[in-house]
Amino acid sequence: MASLGTAKRLVVKIGSALLVDRATGALRVDWLLSLAADVADLRKRGIDVVLVSSGSIALGRGVLGLPASDLPLEQSQAAAAVGQIRLARAYEDALAPHGIVTAQVLVTLEDSSDRRRYLNSRATMETLLSLGVTPIVNENDTIATDEIRYGDNDRLAAQVAVTVGADMLVLLSDVDGFYNGNPQVNSAAQRYDIIEKITTEIELQAGDAGSGLSKGGMKTKLMAARVATDAGCAMAITLGSPLNPLKVLENGANSTWFTAQTDPQAARKRWIGAMKSRGTVTVDAGARGALASGKSLLPAGVTAVSGDFGRGDPVEILGGDGAHLGLGLARYTGDEARQIMGRRTADIETLLGYAGRAVLIHRDDMVT
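Residues numbered from 1 in each chain as written. Predicted model: local features only at pLDDT ≥ 70, side-chain atom pairs only at ≥ 80, totals over all residues. Heavy atoms only, no water.

Participant: Got a minute to help me understand the environment of V302 in this structure?
Facilitator: Tracing the backbone shows V302 in strand 10 (residues 302-306). Taking relative accessible area as the criterion, V302 reaches 3% and is therefore assigned buried. Apart from residues no more than four positions distant in its own chain, V302 is found in contact with V281, T282, V283, L297, M341, G342 and L360. (Helix = DSSP H or I, 4+ residues; strand = E, 2+ residues; numbered from the N terminus. Buried < 20%, exposed > 50% of the residue type's maximum accessible area, 1.4 Å probe, protein only. Contact = heavy atoms within 4.5 Å.)

Here's what the structure looks like:
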């Protein structure tokens with residue numbers, strides 16, 4: 001069974017019902033402070049933590065005096081706009097005493113389905129984590145429409161885990177794991193400690209019940225588990241309501257762990273390797289040696305560029321003799337790559353008119 005202490009990068013999903021008191025619409029401050037203490041403890045042990053948090057609509061509707069029932073889209077978006085600033089401030093206030101800087105990251109489904117946006121999101125999150133920041137991620141309910149929504153933070157959390165290359169995802173839920181039946185109506189239902197593989201039988205056992213303030217049911221959690229585990233990320237479902245929920249989980253609380261089917265880096269490489277090239281870049285001997293030692297491709301090492309590719313498109317890397325050296329996701333368009341090829345990173349801003357990325361293809365976005 002996985003253990004939080006072995007994680008290198010952890011994503012934690014927090015639902016509205018955990019953060020906001022359903023009866024009063026007020027923030028559960030004591031619970032949030034206990035979660036912050038857990039995050040601080042994990043950070044001290046060298047574990048990156050990303051929080052995917054609901055709560056903006058629930059907080060905003062209380063401020064605006066809107067009913068707790070389903071709201072029309074416009075009212076939901078208005079509540080999100082009012083609540084989001086309060087949610088961000090609450091996390092900042094809870095984590096700041098531990099010396100933790102927070103960042104608000106708002107996303108929509110389009111940010112992961114569009115390769116260019118996905119790469120930009122990944123680069124931003126990587127930079128935040130490298131600077132010691134704890135990102136607080138939420139769906140951008142203020143602008144999201146039904147067509148570009150995740151619709152629930154279980155699947156959003158799984159996609160965030162994929163984006164940042166997390167090796168562990170925890171869904172803090174209103175149930176203490178995945179059962180072979182609904183434990184609220186079937187006292188004989190049994191909880192799984194570990195699920196090695198999501199089978200058809202497991203899928204048929206998932207129900208739709210969700211709490212009053214959250215939209216996710218067990219089916220969405222199972223969908224999240226499939227996305228996460230296929231990308232090399234183990235996932236746990238556990239009861240989130242106790243104080244210090246991550247510490248309680250680490251100390252052996254009831255939970256269900258879904259086993260990762262690979263590791264995050266291998267899954268990403270497999271995803272990139274299956275893409276069809278949209279162009280080529282040819283590199284010199286120095287760049288060829290750098291790639292062989294696992295380094296990124298800099299513009300200075302490129303001698304030729306062909307193809308009309310965009311940012312985030314897959315590009316084949318060739319040696320001067322035409323040999324295939326790899327495939328990677330370009331951080332510049334074909335036209336931009338032609339302008340900066342053979343030039344130093346320091347020259348990019350002068351050539352393109354803006355301060356771009358230091359590399360043409362990052363090693364994490366490359367299969368060699």
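Participant: How should the confidence of the model for the chain be read in this particular structure?
Facilitator: Detailed conclusions should not be drawn from predicted coordinates in areas where pLDDT is low. Confidence in the prediction for the chain averages 89 pLDDT; 94% of positions are at 70 or higher. This stretch, residues 209-216, has a pLDDT under 50; its non-local contacts, to residues over four places away or in other chains, come to 20 contacts. (pLDDT = per-residue confidence, 0-100.)

Participant: How do you make sense of the pairing of strand 12 (residues 324-329) when you look at a structure like this?
Facilitator: Most of strand 12 sits out of view: 5 of its 6 residues are buried. In the sheet, strand 11 (residues 314-318) pairs with strand 12 via 5 bridges, with the strands oriented antiparallel. What sits directly across from L318, in strand 12, is H324. Count of turn residues in the strand 11/strand 12 antiparallel hairpin: 5 residues, of which G322 carries a positive phi of about 85 degrees. Across 2 bridges, the pairing between strand 12 and strand 13 (residues 366-367) is antiparallel. In the sheet register, G328 faces strand 13, and the bridge partner there is M366. (Pairing = 2+ DSSP bridges.)

Participant: Looking at this model, I keep getting lost on the pattern of salt bridges. Mind explaining?
Facilitator: As a working rule, side chains carrying opposite charge can pair if their charged atoms are close by. The full count for this structure, using the stated rule, is 17 salt bridges. One salt bridge connects R311 with E336, and the closest N-O pair in it is separated by 3.1 Å. In this pair, R311 is assigned in the loop between strand 10 and strand 11 and E336 in helix 13 (residues 334-340), connecting sequence segments 25 residues apart. Owing to a relative accessible area of 27%, R311 belongs among the partly exposed residues under this scheme. Note on E336: relative accessible area 12%, which makes it buried. The closest approach of N and O atoms between D335 and R338, which form a salt bridge, is 3.0 Å. In this pair, D335 and R338 both sit in helix 13, 3 residues apart, roughly one turn of the helix. Each of R122, R268, R331 and D365 takes part in salt bridges that share partners, so that together they form one network. (Salt bridge = Lys/Arg side-chain N within 4 Å of Asp/Glu carboxyl O.)

Participant: What is the right way to read unusual backbone geometry from this model?
Facilitator: Most peptide bonds take the trans form, and the phi angle of most residues other than glycine is negative. One non-glycine residue, N244, lies in positive phi territory at about 50 degrees. Position of N244 relative to the elements: it lies in the loop between strand 7 (234-239) and helix 10 (245-250). On the basis of relative accessible area, N244 is assigned to the partly exposed category, the value being 25%.

Participant: Explain the environment of E201 to me, please; I cannot follow it from the model alone.
Facilitator: Position of E201 relative to the elements: it lies in helix 8 (residues 200-204). The sequence separation of E201 and G217 amounts to 16 residues, and the corresponding C-alpha distance is 17 Å.

Participant: Help me understand the packing of helix 3 (residues 56-64) against helix 4 (residues 73-95) in this model?
Facilitator: Angle between the axes and distance between the axes are the two parameters that describe a pair of packed helices. As a packed pair, helix 3 and helix 4 sit with axes 6 Å apart at the nearest point and diverge in direction by 100 degrees. Considered as vectors, helix 3 and helix 4 are oriented roughly perpendicular to each other. For the pair helix 3 and helix 4, contact is made by S56, I57, L59, G60, R61, V63 and L64 and by S76, A78, A79, A80, V82, G83, Q84, R86 and L87, respectively. Counted by class, the contact of helix 3 with helix 4 contains 9 nonpolar, 5 polar and 2 charged residues. (Axes fitted to C-alpha atoms, helices over the stretch in contact; angles between N-to-C directions. Parallel < 35°, antiparallel > 145°, perpendicular 65-115°, else oblique. Nonpolar A, V, L, I, M, F, W, Y, C, P; charged D, E, K, R; others polar.)

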